[in-house]
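Below, each chain spelled out in residue letters.
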Amino acid sequence: MELTYRPRRLRRTPALRAMVREFQLSAADFIYPLFVHEGASNEPIGAMPGAQRWSLEGLVTEVGRAWDLGIRCVVLFPKVADGLKTEDGSECFNEGGLIPRAIRRLKQEHPAMAIMTDVALDPYSCDGHDGIVSSEGVVLNDETISLLCRQAVAQARAGADLIGPSDMMDGRVGAIREALDEEGFEHVGIISYTAKYASAYYGPFREALDSAPRAVSSKPIPKDKSTYQMDPANGREALTEALLDEQEGADILMVKPGLAYLDVIHRLRGESELPIAAYNVSGEYAMVKAAAERGWIDERAVVLETLLCFKRAGADLILTYHACDAAQWLRDG
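Fair warning: this is a prediction, and the values are worked out from it, not measured in the lab.

Thresholds applied
- Residues numbered from 1 in each chain as written.
- Predicted model: local features only at pLDDT ≥ 70, side-chain atom pairs only at ≥ 80, totals over all residues.
- Heavy atoms only, no water.
- Helix = DSSP H or I, 4+ residues; strand = E, 2+ residues; numbered from the N terminus.
- Rg over C-alpha atoms; globule rule 2.2 N^0.38 Å.
- Contact = heavy atoms within 4.5 Å.
- Phe/Tyr/Trp six-rings, centres within 6.5 Å; stacked < 30°, edge-to-face > 60°.
- Buried < 20%, exposed > 50% of the residue type's maximum accessible area, 1.4 Å probe, protein only.
- Lys NZ or Arg CZ within 6 Å of the ring centre and 35° of its normal.
- Expected span 1.5 Å × (residues − 1).
- 1 Å grid on protein atoms, 1.4 Å probe; cavity = no way out; pocket = protein on both sides within 12 Å on 5 of 7 lines; lining within 4 Å.
- Points joined across faces, edges and corners; volume = space filled by probe spheres on them.
- Nonpolar A, V, L, I, M, F, W, Y, C, P; charged D, E, K, R; others polar.
- Salt bridge = Lys/Arg side-chain N within 4 Å of Asp/Glu carboxyl O.
- Axes fitted to C-alpha atoms, helices over the stretch in contact; angles between N-to-C directions.
- Parallel < 35°, antiparallel > 145°, perpendicular 65-115°, else oblique.
- Left-handed = near helix turned anticlockwise from the far one by under 90°.
- Pairing = 2+ DSSP bridges.
- Right-handed = clockwise from strand over helix to strand, strands pointing away.

Caption draft 1: Looking closely at the overall build of the protein. Each helix and strand counted, the protein has eleven helices and twelve strands in total. A compact globule built from 333 residues should have a C-alpha radius of gyration of about 20 Å, and the protein, at 20 Å, falls within 12% of that. Looking at the protein alone, contacts between residues at least 24 apart form 76% of all its contacts between residues at least 6 apart.

Caption draft 2: Main features of the packing of aromatic side chains. Within this structure, the stated rule accounts for eight aromatic pairs. Pairing Phe35 with Tyr321 gives two aromatic rings, centres 5.8 Å apart and planes at 15 degrees, and the pair type is stacked. In this pair, Phe35 is assigned in strand S1 (residues 30-36) and Tyr321 in the loop between strand S12 (317-320) and helix H11 (323-332), connecting sequence segments 286 residues apart. In this structure Phe35 comes out as buried when scored by relative accessible area, which is 1%. The exposure class assigned to Tyr321 is buried, which follows from its relative accessible area of 8%. Through pairs of rings, three or more aromatic residues link up here, namely Phe35, Phe77, Tyr193, Phe205, Tyr279, Tyr285 and Tyr321. Between the NZ or CZ atom of Lys256 and the centre of the ring of Tyr202, over which it lies, the distance is 4.9 Å.

Caption draft 3: Representation of helix H3 (residues 98-109) within the structure. When the terminal C-alpha atoms of H3 are compared, their 16 Å separation across twelve residues agrees well with the 16 Å that a helix rising 1.5 Å per residue should span. Listing the buried residues of H3 in full gives Leu98, Ile99, Pro100, Ala102, Ile103, Leu106 and Lys107. Check the buried side of H3 and you find it contacts S1, helix H2 (56-68), strand S4 (73-78), strand S5 (114-119) and helix H4 (141-158).

Caption draft 4: Structural context of the layout of surface pockets. Size it by volume and the largest pocket reaches roughly 210 Å³. In terms of lining, the largest pocket is formed by 17 residues, of which the most central are Tyr32, Gly50, Ala51, Glu62 and Tyr321. At four residues, S1 tops the list of elements feeding residues into the lining of the largest pocket. Of the residues belonging to the lining of the largest pocket, the class tally is ten nonpolar, three polar and four charged. Considering only enclosed or pocket space, the second largest pocket measures out at about 150 Å³ in volume. Along its surface, the second largest pocket is lined by Arg21, Phe23, Gln24, Leu25, Leu304, Glu305, Leu308 and Leu330. The biggest single contributor to the lining of the second largest pocket is helix H10 (residues 299-313), with three residues. Across the lining of the second largest pocket, the residue classes break down as five nonpolar, one polar and two charged.

Caption draft 5: Representation of the pattern of salt bridges in the model. Evaluated as defined, the whole model comprises 23 salt bridges. The closest approach of N and O atoms between Glu43 and Arg53, which form a salt bridge, is 3.2 Å. Residue Glu43 is located in strand S2 (residues 43-44), and its partner Arg53 is located in strand S3 (residues 52-54); the two are separated by ten residues in the primary sequence. Overall, the relative accessible area of 35% leaves Glu43 in the partly exposed class. With a closest N to O distance of 2.7 Å, Arg269 and Asp316 form a salt bridge. Residue Arg269 is located in helix H8 (residues 262-271), and its partner Asp316 is located in the loop between H10 and S12; the two are separated by 47 residues in the primary sequence. Residues joined by salt bridges that share partners form a network here, namely Asp122, Asp130, Lys196 and Lys225.

Caption draft 6: Highlighting the packing of helix H9 (residues 282-293) against H10. Relative orientation of the contacting elements H9 and H10 amounts to 155 degrees, with a least axis distance of 10 Å. The angle between H9 and H10 places the two elements in the roughly antiparallel class. Between H9 and H10 lies a crossing whose hand is right-handed. Facing Glu284, Val288, Lys289 and Ala292 of H9, the residues of H10 in contact are Glu299, Val302, Val303 and Phe310. Looking at the contact of H9 with H10 residue by residue, the class counts come to five nonpolar, no polar and three charged.

Caption draft 7: The arrangement of the environment of Ala292 in detail. Residue placement: Ala292 occurs in helix H9. Along the primary structure Ala292 and Leu16 are separated by 276 residues, whereas in three dimensions their C-alpha atoms are 31 Å apart. Every residue in contact with Ala292, bar those within four places of it in the chain, is listed here: Ile297 and Glu299.

Caption draft 8: The pairing of strand S11 (residues 276-280), seen in detail. S11 sits mainly inside the fold: five of its five residues count as buried. As defined by bridge partners, strand S10 (residues 252-256) adjoins S11 across three bridges and the pair is classed as parallel. Pairing of Val255 across the sheet is with Ala278, part of S11. Handedness of the β-α-β unit built from S10, H8 and S11 comes out right-handed. As defined by bridge partners, S11 adjoins S12 across four bridges and the pair is classed as parallel.

From the geometry alone we can't say anything about function, so treat these as descriptive.
Right under this line is the structure:
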């Protein structure tokens, strides 16, 4: 049998495979999501084995560990006490609040680490939504944006390097960019949750922050976030969101979740020259952990393959709870 070409020739040895490998993972590709709370000690998160709600002291130590492993950016999410939650989520722009204090502490202890924040009302809202909920049960767009701008400015003033609006309100990227610039924070970047879907993969995250929608008053509360987060059935719509975010001044575009939306990452990569981030979300993390605990999969192999597939789809950056483990595995070879 005469074969014109034999692709297996370049797969024959580890050295040959390494020579022609199209994509590489490195620790600098990872953004490490961290949960922080006011407690004096760290608290394990039941639905996310290996993840913690960090005290401020624990957070400082963990960020130092991440830096030593080659990770260069972390993103902070707050577990806010119920007594601080209100209908307008005004704790979100309290400059003495948990996240601004955490940013200042990290910038003091680890000044070279890039700090990304989350901009949305759900951790601070007694209703559990990313925006203000009207008495009729409608999540209000424009009224919410004014609060998000105040939140972003408070985070920038504390020392944040990247502001991450995750709320999916229309027009919020442009409004936040304008608010930051007016306050002298032209240097602070915006990593926009451009295509954030109303996904079933967020359950463990909402447990970690106690941020699921809930009724605490007589007004109707939408049971989910489908009126502002994207419909999982839609792919082309992500291109519209990306174009709008670029026009409004986003520096990085994000797709969330990542694994079930690789096609969306690939579409954005084909349409935009901006860096693309993928969020390897809590449900994806928890499924891997659960299967690994039962011995059904090789955790190391599955995690590294999963992270590599984000790069292959077109992502430049990956938000992942596996960040420190993956960085250590890459270091170990």
